Amino acid sequence: MKRFSIPTIFNSLRVRIFILVLLVGLIPGTLIGGLFFQMYQKKALSNDAVSMTSQAQLLSNQIVTTGYLSNPTMDAINNQLMALGNIYSGRIMILNSSLQVVNDTYDIYTGRTMVWQNAILALRGKRSSTYDNDSHCQVIAVPIMGTGVGSTVEGVIVITKSTDYLEQNVSFYTRLLVFSVLVAAIIATIVALFSSIYLTDPLRKLSAAILNRQNSGEQVMVSDVAETTEISKHFNEVMTRMDEIDASRQEFVSNVSHELKTPLTSMKVLADSLTSMGDEVPVELYRDFMDDITHEIDRETKIINDLLSLVRLDKSGVTLNIEAKNINEMLEQLMKRLRPIAEKNQVELVMESFRPVTAEVDEVKFSLAIMNLIENGIKYNQQGGYVHVSLNADHQYFFIRVEDSGMGIPEDSLNRIFERFYRVDKSHSREIGGTGLGLAITKNAIDMHHGQIQVHSMVGEGTTFDVRVPLSYIKES
Ligand code: ADP
């Protein structure tokens with residue numbers, strides 16, 4: 001089925017306001033005018049009926065007292081009937097009790113019998129008045145009552161009055177109304193035009209201000225009306241947020257370029273030195289240089305892999321592969337994988353589970369998050385140190401704590417370590433193969449599980465990371 005669609009011109013607020021003001025200006029006047037005509041006609045007809053009936057009543061009294069019905073040639077009454085007929089631009093008929101027309105001012109029905117429903121009703125003592133729309137006439141029928149106690153109906157007076165005067169009045173007023181509506185339409189159009197321009201002007205100004213915004217820091221403010229002030233404020237807030245995102249994106253890109261360039265520069269220096277030495281390079285030196293180049297390639301690979309992990313986690317709408325997993329087993333596996341590195345660094349790796357924990361997580365992403373924490377605990381440690389991993393849970397969350405006896409993190413760096421490429425000691429971190437992306441990856445992965453991470457550290461004593469994650473994955477609404 002084809003849906004009704006509003007023509008595009010009505011999408012304009014200016015057009016809508018114009019039409020609205022125009023309708024508000026025209027409809028009430030037109031409606032009131034139409035109503036006035038109806039009421040006027042009704043009232044005029046009812047006034048006519050009242051005056052005709054009272055006139056008929058007077059006539060009836062005269063007819064009875066003069067005995068006109070048995071002597072219809074009486075000039076006094078006949079002249080009166082003629083005069084009344086002229087006043088009403090109509091006709092008067094006097095009927096006797098056999099419905100025979102005694103007098104007709106049009107002199108057409110005199111002598112004839114008139115079987116007319118309202119005349120019959122009048123003979124029964126009932127007055128009536130009817131309006132004939134076709135001939136524009138109002139007709140009343142009034143009984144002629146005899147005098148005295150127990151008197152009967154002696155005849156009927158029928159008065160027909162032309163209502164042409166009413167039609168003339170109505171047509172005059174109609175012309176007046178059409179003229180007024182036309183004048184009102186012109187006034188309403190002008191008012192509608194100006195009000196639509198006036199009311200939408202602040203929006204036009206706002207749109208121009210947004211369009212003419214020269215640089216990213218420039219604030220837009222159109223405070224003509226409360227609404228545009230509010231829109232301006234919201235626009236500035238959104239733009240500030242976008243500027244921040246843009247700045248952080250630019251910083252990220254420049255960091256990435258720098259990080260990727262460093263191993264390449266080292267490789268180039270190493271390769272150039274080898275070439276400049278010509279053919280007399282000893283094999284051992286060659287091997288040494290090649291080892292260094294391999295090391296730089298490994299580093300470049302690690303940076304790229306970390307970046308890829310981060311980008312994958314960062315993508316909005318990234319789908320998590322959530323499954324109920326045994327967290328104890330997951331941690332055991334991680335410990336197994338990291339034990340060789342711990343042994344190499346002569347760091348003791350201990351795990352303590354307070355209870356069996358099953359939780360809904362994305363195993364790959366969550367393992368990566370915890371692995372980074374344990375790996376850091378090993379990397380930034382000292383010979384003979386320890387990394388202690390513990391797992392606990394309540395009815396809502398599970399808690400993982402990674403505690404080490406390493407070098408610790410200075411207080412002023414604590415709130416920056418989750419930033420991409422942030423390293424407390426750049427050269428030291430580079431030496432031990434850090435990319436500065438590990439904790440950013442960890443934070444992203446934990447955020448995706450609607451969890452929280454906190455860090456406590458003391459330089460020279462060690463660092464503790466506390467992770468809290470809901471046991472059941474909370475779906476985004
Ligand atoms: P990196 O790859 O350099 O380790 P991370 O994002 O994992 O990057 O960590 C950022 C920085 O935080 C590290 O360079 C290091 O200086 C510091 N850091 C992280 N974990 C620890 C820890 N357990 N002990 C001491 N310093 C740490």
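Here the structure is a predicted model, which is why all the values come from computation and not from measurement.

A. Highlighting the overall build of the chain. Assigned secondary structure in the chain consists of 11 helices and 12 strands. Computed over the C-alpha atoms, the radius of gyration of the chain is 52 Å, more than 25% above the 23 Å expected from 2.2 N^0.38 for a compact globule of 477 residues. Here the chain, with 477 residues, has 37% of them falling under the buried criterion. A separation threshold of at least 6 residues defines the contact pool for the chain, and within that pool the share at least 24 residues apart is 63%.

B. Structural view of the site of the ligand. In the vicinity of the ligand lie 19 residues, with Asn376, Tyr380, Ser429, Thr435 and Leu439 positioned nearest. Valine 424 places a main-chain nitrogen or oxygen 3.1 Å from an oxygen atom of the ligand. A distance of 2.8 Å separates an oxygen atom of the ligand from a polar backbone atom of threonine 435. Protein burial of the ligand: of its 520 Å² of free accessible surface, 97% is covered by the chains. Within the residue set of the shell around the ligand, elements represented by two or more residues are helix H8 (363–379) and helix H11 (438–448). Here the residues of the shell around the ligand sort into 7 nonpolar, 9 polar and 3 charged.

C. Highlighting the nonpolar core. Counting 53 residues, the largest nonpolar core has Ile327, Leu331, Ile370, Ile374, Phe398 and Ile400 as the members making the most contacts within it. The residue makeup of this core includes at least three contributed by each of domain 2 (227–314) and domain 3 (322–470). For isoleucine 370, the residues in contact, after removing those within four places along its chain, are Leu331, Leu334, Ile400 and Val467. Core analysis: the next-biggest nonpolar cluster, separate from the first, contains 19 residues, Met52, Tyr68, Ile77 and Ile140 among them.

D. Broad picture of a nonpolar patch on the surface. A surface patch of nonpolar side chains, about 490 Å² in accessible area, is lined by Ile186, Ile190, Leu193, Phe194 and Ile197. On the secondary structure map, phenylalanine 194 appears in helix H4 (residues 164–211).

E. Local environment of the sheet that holds strand E5 (residues 153–162). The sheet built from 5 strands is open, its strands ordered E2-E1-E5-E4-E3 with antiparallel pairing. Edge positions in the sheet fall to strand E2 (101–104) and strand E3 (128–132), since each has one partner strand and no second. When the angles between neighbouring strand axes are averaged without regard to direction, this sheet yields 15°. The sheet contact formed by strand E1 (residues 91–96) and E2 spans 3 bridges and is antiparallel. Bridging across to E2, isoleucine 94 finds its partner in asparagine 103. Against the sheet, helix H2 (residues 75–87) makes contact with E1 and E2, and its axis sits at roughly 140° relative to E1, the strand it touches most.

F. Expanded view of a negative patch on the surface. Where like charges cluster on the molecular surface, the negative patch consists of Glu284, Asp288, Asp291 and Asp292. As for its placement among the helices and strands, aspartate 288 is situated in helix H6 (residues 283–314). Taking relative accessible area as the criterion, aspartate 288 reaches 46% and is therefore assigned partly exposed.

G. Helix H5 (residues 226–276), seen in detail. Here H5 spans 73 Å end to end across 51 residues, near enough to the 75 Å set by a 1.5 Å rise per residue. When the local axis directions of H5 are compared, the greatest deviation, roughly 25°, occurs at lysine 261, which is followed within four positions by the proline proline 263.

H. Structural view of the packing of aromatic side chains. If you walk through the whole model with that rule in mind, you get 8 aromatic pairs. Ring geometry for phenylalanine 36 against tyrosine 173: centres 5.8 Å apart, planes inclined by 85°, an arrangement best described as edge-to-face. Within this pair, whereas phenylalanine 36 is found in helix H1 (residues 13–66), its partner tyrosine 173 is found in helix H4, the two being separated by 137 residues in sequence. Here tyrosine 173 falls in the partly exposed class, since its relative accessible area comes to 29%. Grouping aromatic residues by their ring pairs yields a cluster made of Phe36, Phe37, Tyr40, Phe172 and Tyr173. The cationic tip of arginine 420 hangs over the ring face of phenylalanine 252; the distance from NZ or CZ to the ring centre is 4.6 Å.

I. Local environment of the side chain of lysine 365. By secondary structure assignment, the location of lysine 365 is in helix H8. Judged by relative accessible area, which is 18%, lysine 365 ranks as buried. Those residues within four positions of lysine 365 in sequence are excluded, and the remaining contacts are Leu313, Thr319, Leu320 and Ala445.

J. The sheet that holds strand E7 (residues 348–353), seen in detail. With mixed pairing, the 5 strands of this open sheet are ordered in space as E7-E9-E10-E12-E11. What marks the edges here is a single partner per strand, and that holds for E7 and strand E11 (452–458). Sheet twist, expressed as the average angle between the axes of neighbouring strands with direction ignored, equals 10°. Where helix H7 (residues 327–344) meets the sheet, it contacts E7, strand E9 (386–393) and strand E10 (397–404), and its direction lies at approximately 175° from that of E7.

K. Focus on unusual backbone geometry. Of note in this structure, aspartate 107 is not a glycine but carries a positive phi near 55°. Residue position: aspartate 107 is located in the loop between E2 and helix H3 (117–123). A relative accessible area of 60% means that aspartate 107 is categorised as exposed.

L. A look at the packing of H7 against H8. Orientation of H7 relative to H8, taken along the N-to-C sense of each, is 35°, at an axis distance of 10 Å. Here the hand of the crossing between H7 and H8 comes out right-handed. On H8, the residues touching Met330, Leu331, Leu334, Met335, Arg337, Leu338, Ile341 and Ala342 of H7 are Glu363, Phe366, Ser367, Ile370, Met371, Ile374, Glu375 and Ile378. Residue classes in the contact of H7 with H8 are distributed as 12 nonpolar, 1 polar and 3 charged.

M. Highlighting the domain arrangement of the chain. In terms of domains, the chain is made up of domain 1 (13–169), domain 2 (227–314) and domain 3 (322–470). On a C-alpha basis, the centroid separation for the pair domain 1 and domain 3 is 107 Å.

N. Layout of the confidence of the model for the chain. Residues with a pLDDT of 70 or more make up 98% of the chain, whose mean pLDDT is 90. Ranking the helices and strands of the chain by mean pLDDT puts E10 first, with 98, and helix H10 (residues 426–431) last, with 72.

Rules and cut-offs
Residues numbered from 1 in each chain as written. Predicted model: local features only at pLDDT ≥ 70, side-chain atom pairs only at ≥ 80, totals over all residues. Heavy atoms only, no water. Helix = DSSP H or I, 4+ residues; strand = E, 2+ residues; numbered from the N terminus. Rg over C-alpha atoms; globule rule 2.2 N^0.38 Å. Buried < 20%, exposed > 50% of the residue type's maximum accessible area, 1.4 Å probe, protein only. Contact = heavy atoms within 4.5 Å. Near = heavy atom within 4 Å. Polar contact = N/O pair within 3.5 Å; in protein donor to acceptor, adjacent residues only side chain to side chain. Areas by Shrake-Rupley, 256 points an atom, 1.4 Å probe, with all protein chains shown as cover. Nonpolar A, V, L, I, M, F, W, Y, C, P; charged D, E, K, R; others polar. Core = buried A, V, L, I, M, F, W, Y, C linked by side-chain atoms within 4.5 Å. Domains from an automatic or database assignment. Patch = residues over 30% accessible without salt bridge, like charges linked within 9 Å, V, L, I, M, F, W, Y side chains within 5 Å. Salt bridge = Lys/Arg side-chain N within 4 Å of Asp/Glu carboxyl O. Pairing = 2+ DSSP bridges. Axes fitted to C-alpha atoms, helices over the stretch in contact; angles between N-to-C directions. Lys, Arg positive; Asp, Glu negative; His and termini not counted. Charge placed at Lys NZ, Arg CZ, Asp CG, Glu CD. Expected span 1.5 Å × (residues − 1). Bend = angle between axes of the 7 residues up to and from the residue. Phe/Tyr/Trp six-rings, centres within 6.5 Å; stacked < 30°, edge-to-face > 60°. Lys NZ or Arg CZ within 6 Å of the ring centre and 35° of its normal. Left-handed = near helix turned anticlockwise from the far one by under 90°. pLDDT = per-residue confidence, 0-100.

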